[in-house]
Amino acid sequence: MRVVGEIPQTQIWYSICETGRSLKYFKDSKVQNLIREATEVRSFAYCPYSNFQVGAAVLCTDGTVYKGCNVENNSFTVGVCAERAAYVKAISEGKRNFSAVAVVAFQEDSFTTPCGACRQFMSEFGDIKVYIAKPTQKDVLVTSISELLPYMFTTKDNSFK
Ligand SMILES: [Zn+2]
């Protein structure tokens, strides 16, 4: 067996953490707005089991924004994350091309990055910038789908044919 490469997890984590910026850093008002929209929609989260509110907003290339919050269920596994809620809303309105997504949740000492399922789900629709913020919007982690999910599952080489 030959080792062809390793994912430098530690390097990836540190490199993206260094790019944390305050909201004021973003001169692009679309990015500022996206983070604000994700923060606002977070208040609609239905999370009676975890009490962990998450908001997400996805920016389409045509400038429209779709928002989503986490929706939990008594049967835990059928709950939906905020990121997937936002994407499903956009896609079901005919949108397929995205340019950025913002995710907002609160943890005192760390950023709340998308779960593995959401990383895979979002990767289907392109490698875009991901802005991860806290509700205070004092610090924003700037990353991308490919940084969050290196070696993502894909059959884009038509291996299903
Ligand atoms: Zn998720």
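Definitions and limits used
Residues numbered from 1 in each chain as written. Predicted model: local features only at pLDDT ≥ 70, side-chain atom pairs only at ≥ 80, totals over all residues. Buried ≥ 20, exposed ≤ 12 C-beta atoms within 10 Å, placed from the backbone. Helix = DSSP H or I, 4+ residues; strand = E, 2+ residues; numbered from the N terminus. Pairing = 2+ DSSP bridges. Right-handed = clockwise from strand over helix to strand, strands pointing away. UniProt positions renumbered as here; feature names shortened; annotations may be inferred. Contact = placed C-beta atoms within 7 Å.

### Regarding the pairing of strand β3 (residues 98-105)
As a general feature of sheets, a regular strand has side chains that alternate between the two faces.
Next, step 1: Burial runs high along β3: 7 of the 8 residues are buried.
Next, step 2: Two elements, strand β1 (residues 54-60) and β3, share 7 bridges in a ladder whose sense is antiparallel. Paired with G55 across the strands is V104, a residue of β3.
Next, step 3: Handedness of the crossover is the feature at issue here: the chain leaves β3, passes through helix α4 (residues 116-123), returns alongside strand β4 (residues 129-133), and the resulting connection is right-handed.

### As for the UniProt feature "binding site: Zn(2+)" (unreviewed entry) in the protein chain
Next, step 1: Feature annotation in UniProt places "binding site: Zn(2+)" (unreviewed entry) on C81, C115 and C118, given in this structure's numbering. The annotated residues occupy 38 residues of the chain but converge on a single region, no pair of C-alpha atoms lying more than 8.4 Å apart.
Next, step 2: Relative to the assigned elements, C81 resides in the loop between β2 (65-69) and α3 (82-91).
Next, step 3: Among the residues examined, C81 registers 21 C-beta atoms within 10 Å and is labelled buried.
Next, step 4: Beyond its immediate stretch of four places on either side in the chain, C81 contacts V54, N70, C115 and C118.
Next, step 5: Of note, C115 is situated in the loop between β3 and α4.

### Digging into unusual backbone geometry
Excluding glycine, most residues fall at negative phi; most peptide bonds, likewise, are trans.
Next, step 1: Phi is positive for N51, which is not a glycine, with a value near 55°.
Next, step 2: Within the secondary structure layout, N51 lies in the loop between α2 (29-41) and β1.
Next, step 3: Its 8 C-beta neighbours within 10 Å are what place N51 among the exposed residues.
Next, step 4: Its identity is not glycine, yet Y151 carries a phi of approximately 60°, on the positive side.
Next, step 5: Assignment of secondary structure puts Y151 in the segment after α5 (145-148).
Next, step 6: We classify Y151 as exposed; it has 8 C-beta atoms within 10 Å.

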